[in-house]
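Residues per chain are reported as follows:
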Amino acid sequence: MVEALPDADADAVVVSDGSTIGPYTIESEIALGGMGAVYLARRTDGKFNQLVALKLLRREYAAGKTREAFQRENEIQSSLEHPNIARILDTGTTDDGIPYIAID
């Protein structure tokens, strides 16, 4: 579940360690920025034993043109193959509709 901490901006994406988003369990925060947050997460649905970087948009960017741009960026990035470009492994939305992307 995505939640806001009491001292955090109401639109900030804050996920507690151990939270589950789709088939991923959050292990720790990697970075928190203006557009969202990135977490180290492990796929825990039994299909793969895999660590990923899970990127989530801030609530205020989870709709409208920014969400469309996020989705276009994901589509473009998924078609690229280069050792210096992160690979998209999965995309989805949280239970409350915030888009995420899992990358390696």
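Refer to the preceding data block for the structure.
Residues numbered from 1 in each chain as written. Predicted model: local features only at pLDDT ≥ 70, side-chain atom pairs only at ≥ 80, totals over all residues. Heavy atoms only, no water.

**Here we look at the packing of aromatic side chains**
Thinking step 1. Tallying each qualifying case throughout the model produces one aromatic pair.
Thinking step 2. Centre to centre, the rings of Tyr24 and Tyr100 are 6.1 Å apart; their planes meet at 80 degrees, and the pair counts as edge-to-face. A residue pair is termed long-range when its members are at least 10 positions apart, and Tyr24 in strand β2 (residues 24-32) and Tyr100 in strand β6 (residues 99-103) qualify at 76 residues.
Thinking step 3. Given the relative accessible area of 0%, Tyr24 is considered buried.
Thinking step 4. Looking at Tyr100, the relative accessible area reads 5%, which means it is buried. (Phe/Tyr/Trp six-rings, centres within 6.5 Å; stacked < 30°, edge-to-face > 60°. Helix = DSSP H or I, 4+ residues; strand = E, 2+ residues; numbered from the N terminus. Buried < 20%, exposed > 50% of the residue type's maximum accessible area, 1.4 Å probe, protein only.)

**Here's the deal with the nonpolar core**
Thinking step 1. In terms of nonpolar packing, the biggest core is built from 14 residues, with Ile21, Tyr24, Ile26, Leu54 and Leu56 touching the most fellow members.
Thinking step 2. Elements represented by at least two residues in this core include exactly β2, β3 (36-43), β4 (51-57) and β6.
Thinking step 3. Core analysis: the next-biggest nonpolar cluster, separate from the first, contains six residues, Leu57, Phe70, Ile88 and Ile103 among them. (Core = buried A, V, L, I, M, F, W, Y, C linked by side-chain atoms within 4.5 Å.)

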